[in-house]
Amino acid sequence: MFMEPSIFLFLLFGFLLLWNTPIAVGLGMASLVTIYLIDAPLAVFPTTMYASTAKFALLAIPFFILAGVVMEAAGVSSRLIKFADVCVGHIKGGLAIVAVITCCFFAAISGSGPATVAALGSILIPAMVKAGYDKGFSSALMANAGAIGIIIPPSIAFVVYGVIAEVSIGKLFMAGVIPGLVVGLGLAIVSYYISRKRGYGGNGKRASVGEIWVAFKDALWGLMTPVIILGGIYGGIFTPTEAAGVAAVYGLFVGFFVYKELTLPKLKKLLIDSSVGSAVVMLIVSSASLFAWLITTEGAAQMASAAMLEFSSERWVILLIINILVLIAGCFLDAISIFYILLPIFLPIIKMLNVDPVWFGVILTVNVAIGQITPPVGVNLYVACNIANLSLTDISKSVMPFLIASIVALLLITYIPALSLWLPSVLGM
Amino acid sequence: MARLIGRVTLFIKSIRGGDFLFWKVFDSLEDWFLVLSLGTMMVLNFANVVSRYLLSTSIAFTEELTTNLFVWSCFIGAAAAAKRGAHLGFSLIVDNMPSRAQRIVTAMVTLLTLAMFALLFIMSLDMIETQIMLKQETPALGMPEWVVSMGISVGALFCFIRFAQAGWNSWNKGGRQ
């Protein structure tokens, strides 16, 4: 061939992306052309597409997406918001802090970033704008806080990382709890600071203990979900995949029998929406698997990791380089493609440097979560823009302060392994 | 001959209209497949957890059955996603192009996408042929393996149709996706 096949593969993929080719198609077509040029058997195409989707662990993806949309339709998200509002709504920038707190909670129900933005943003963005917050600020904050959705368990990103790196998904889930809260804290501090500077007030009235109790009781069904999911996984009652399905059933129960906001026609729409949402992810999973197969068999992954190790074998340097690479990739690609394309390169390095793969999984997940809010390709930004009727350029400016806070959190998580590893070790996992 | 051509044009015209029976049937087939497959997967998964704890027997085949259904639902869901334009891409450059250029680029990308699914369809038939020849069966249920992998062929066909439809619609709207 006229050039190194794997370099050709990456270049072709990049070229196809420029013209708004769906990422899944770009990955697939670039791989197919390369396979054809190096005379590898094309029969690998359908078998890889098949083998990469027929994995029980990945069923967690449609289940957790379903759980998220069901909880929203069931009225759980609005009750969570109300509860957070009576607790902290009165302080300066109260509504912004409410947004961060409810995102952290909803992240413990939903496994997807854009789903979290959609579920909470449609209520919170209009509410914040009505209370006098800047539209760009409100939507940028929601997009950013929604990214916590894939850091705090359950998380689609952790499921996929666990499948690729062959790490316990349950342990990854536990490891993600504190880092998710760290990101949340960072966002809360920034929004408090900005709110004070711009004079965004609270809702003025401090709620009484009685009011807080009523709101708590009303939100209790939603607040129980993370307890069921994480408790069930930790207690060994069910696997993460099963937990996802149980969460969806629990949401349906709450929606039909407790809050009574769900109806059968609504359920049909929810099932279709979640199937479509998970199929978008799964088509990327299957074509990215073909891409990953190609760079592994071509020896490109090994070459790239050797080159990186030659550059430096210092842990903190390598982790910094990896973080920067993934941040750049995150501007153009989604979380799942990044995992499939780059993990074959990173995992051998991590093994050589004795980095705990669970800790590394958390670092990468926090990083690709930031990728959901970096333009030009940032799924959370798209969702927030749609809700607020803003252009990508408008929201991109407002995202900056939050982006910086998230990157600071990423650095903390990268260089303080205990943030990720303490909780699983205390739980004896 | 002239009559035939007339009929074909009439046929193509009617396909373009949204109320053509084919699309109605296709839409509801797709929708109901997605509803029933995800619903079944959820129920089977829940039943498995419950039976393990109440009856302390695990329904061994559920895991296999849900995984197999999942293969089907992934590719049919991808077709539904194509109809809604839900597949992710980097649109910044194309969005800022003049509309004629946009139209051409979108058409090229659509053709490329169609090529991929056509190839997937053809290659998956080869895979099925081998599986039938070798009489491969799934481990727990003993189901013929090709029944599962047919999800890829049917899904590729659905994706082909939906991406073609989406591409055609955007061509008519001057390239906008």
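If you're wondering where the values come from, they're calculated on a predicted model, not measured in any experiment.

A.B. asks: Help me understand the overall build of chain A in this model?
C.D. replies: Assigned secondary structure in chain A consists of 20 helices and zero strands. Here chain A has a C-alpha radius of gyration of 21 Å; the compact-globule value for 429 residues is 22 Å, and the two agree. Its C-alpha atoms give chain A principal-axis dimensions of about 70 × 45 × 45 Å. In chain A, buried positions account for 63% of the 429 residues. Residue pairs at least 24 apart in sequence account for 78% of intrachain contacts in chain A once pairs closer than 6 positions are excluded. Working note: accessible area of chain A is about 15400 Å², and carbon and sulfur atoms make up 70% of it. Considering chain A, the positive charge centre built from 20 side chains and the negative charge centre built from 17 side chains are found 16 Å apart.

A.B. asks: Just to check I follow, could you spell out the packing of aromatic side chains for this structure?
C.D. replies: Any pair of aromatic rings gets described here by the distance separating the centres and the angle formed by the planes. Scanning the entire structure with this criterion turns up 24 aromatic pairs over all chains. Where A:Phe83 meets A:Phe216, the ring centres are 5.6 Å apart and the plane angle is 55°; that geometry is what we call tilted. Of this pair, A:Phe83 sits in helix H5 (residues 76-88) while A:Phe216 sits in helix H11 (residues 209-234), and the two are 133 residues apart along the sequence. Of the residues examined, A:Phe216 reaches a relative accessible area of 27% and is grouped as partly exposed. Geometrically, the ring pair formed by B:Phe26 and B:Phe158 is tilted, given 4.8 Å between the ring centres and 35° between the ring planes.

A.B. asks: Would you mind going over the interface of chain A and chain B with me for this structure?
C.D. replies: On the chain B side, the residues contacting the 57 residues of chain A number 54 residues. Across the interface of chain A and chain B, roughly 5100 Å² is buried in total on both sides, 79% from carbon and sulfur atoms. The largest contributions to the chain A side of the interface with chain B come from A:Trp19, A:Asn20 and A:Tyr50, which together make up 13% of the buried area. Remark: the boundary between chain A and chain B carries two salt bridges.

A.B. asks: Looking at this model, I keep getting lost on helix H20 (residues 418-426) of chain A. Mind explaining?
C.D. replies: One full turn of an α-helix is made of 3.6 residues, so residues set three or four places apart face in the same direction. All names here are of chain A. Where H20 is concerned, the buried positions are Leu419, Ser420, Leu423 and Pro424. When H20 is viewed along its axis, its buried side chains cluster within an angular range of 125° and face the same direction. Close packing links the buried residues of H20 with helix H10 (169-198), helix H17 (357-371) and helix H19 (392-415).

A.B. asks: Explain the environment of B:Met97 here, please?
C.D. replies: Within the element layout of this structure, B:Met97 appears in the loop between helix H4 (92-95) and helix H5 (99-133). Sequence-wise, B:Met97 and B:Met127 are 30 residues apart; in three dimensions their C-alpha atoms are separated by 41 Å. B:Met97 has contacts with A:Trp19, B:Gln102 and B:Val105, leaving out every residue within four places of it along the chain.

A.B. asks: Would you explain helix H4 (residues 60-73) of chain A in this entry?
C.D. replies: For H4(A), which comprises 14 residues, the first-to-last C-alpha distance of 20 Å matches the rise-based estimate of 20 Å (1.5 Å per residue) to within 8%. A positive backbone phi angle near 95° is found at A:Gly75, which sits one or two residues after H4(A).

A.B. asks: Honestly, the packing of helix H9 (residues 156-165) of chain A against H17(A) in this entry has me stumped. Any pointers?
C.D. replies: When two helices pack together, you describe them by how their axes are tilted relative to each other and by the distance separating the axes. Residues and elements named next belong to chain A. With their axes 10 Å apart at the nearest point, H9 and H17 run at an angle of 140° to one another. With respect to their mutual orientation, H9 and H17 come out oblique. For the crossing formed where H9 meets H17, the hand is right-handed. For the pair H9 and H17, the contacting residues are Ala157, Phe158 and Tyr161 in the first and Pro357, Phe360, Gly361, Val362, Leu364 and Thr365 in the second. Of the residues assigned to the contact of H9 with H17, the class counts are seven nonpolar, two polar and no charged.

A.B. asks: How do you make sense of the side chain of B:Thr113 when you look at a structure like this?
C.D. replies: As for its placement among the helices and strands, B:Thr113 is situated in helix H5. Those residues in contact with B:Thr113 that lie beyond four places of it in its chain are A:Pro22, A:Val25 and B:Phe163.

A.B. asks: Looking at this structure, I do not really get the packing of H9(A) against helix H16 (residues 335-352) of chain A. What am I missing?
C.D. replies: Residues and elements named next belong to chain A. Relative orientation of the contacting elements H9 and H16 amounts to 35°, with a least axis distance of 10 Å. For the pair H9 and H16, the crossing hand works out as right-handed. Facing Ile156, Ala157, Val160, Tyr161, Ile164 and Ala165 of H9, the residues of H16 in contact are Ile336, Phe339, Tyr340, Leu343 and Leu347. The residue makeup of the contact of H9 with H16, split by class, is eleven nonpolar, no polar and no charged.

A.B. asks: Hey, could you run me through unusual backbone geometry in this one?
C.D. replies: One can expect most non-glycine residues to show negative phi and most peptide bonds to be in trans. All names here are of chain A. Cis rather than trans, the peptide bond between proline 153 and proline 154 has omega equal to -5°. In this structure, proline 154 sits in the loop between helix H8 (135-146) and H9. Across the junction of proline 375 and proline 376, the peptide omega takes the value 0°, indicating a cis bond. Tracing the chain through its elements places proline 376 in the loop between H17 and helix H18 (379-388). In this structure, asparagine 20 takes a positive phi of about 60° despite not being glycine. Position of asparagine 20 among the secondary structure elements: in the loop between helix H1 (5-18) and helix H2 (23-37).

A.B. asks: How should I be thinking about the confidence of the model for chain B in this particular structure?
C.D. replies: Segments scoring low in pLDDT should not have their predicted coordinates read at a detailed level. Residue and element names in this part refer to chain B. The share of residues in chain B with pLDDT of 70 or more is 89%, and the mean pLDDT across the chain is 87. At the level of individual helices and strands, chain B shows its lowest average pLDDT in helix H1 (residues 2-16), which scores 69, and its highest in H5, which scores 93. The complex model carries a pTM of 0.90, and its ipTM stands at 0.89.

The rules behind the values
Residues numbered from 1 in each chain as written. Chains lettered and ligands numbered in written order. Predicted model: local features only at pLDDT ≥ 70, side-chain atom pairs only at ≥ 80, totals over all residues. Heavy atoms only, no water. Helix = DSSP H or I, 4+ residues; strand = E, 2+ residues; numbered from the N terminus. Rg over C-alpha atoms; globule rule 2.2 N^0.38 Å. Buried < 20%, exposed > 50% of the residue type's maximum accessible area, 1.4 Å probe, protein only. Contact = heavy atoms within 4.5 Å. Areas by Shrake-Rupley, 256 points an atom, 1.4 Å probe, with all protein chains shown as cover. Lys, Arg positive; Asp, Glu negative; His and termini not counted. Charge placed at Lys NZ, Arg CZ, Asp CG, Glu CD. Phe/Tyr/Trp six-rings, centres within 6.5 Å; stacked < 30°, edge-to-face > 60°. Buried area = accessible area lost by both parts, 1.4 Å probe. Salt bridge = Lys/Arg side-chain N within 4 Å of Asp/Glu carboxyl O. Arc of directions from axis to C-beta. Expected span 1.5 Å × (residues − 1). Axes fitted to C-alpha atoms, helices over the stretch in contact; angles between N-to-C directions. Parallel < 35°, antiparallel > 145°, perpendicular 65-115°, else oblique. Left-handed = near helix turned anticlockwise from the far one by under 90°. Nonpolar A, V, L, I, M, F, W, Y, C, P; charged D, E, K, R; others polar. pLDDT = per-residue confidence, 0-100.

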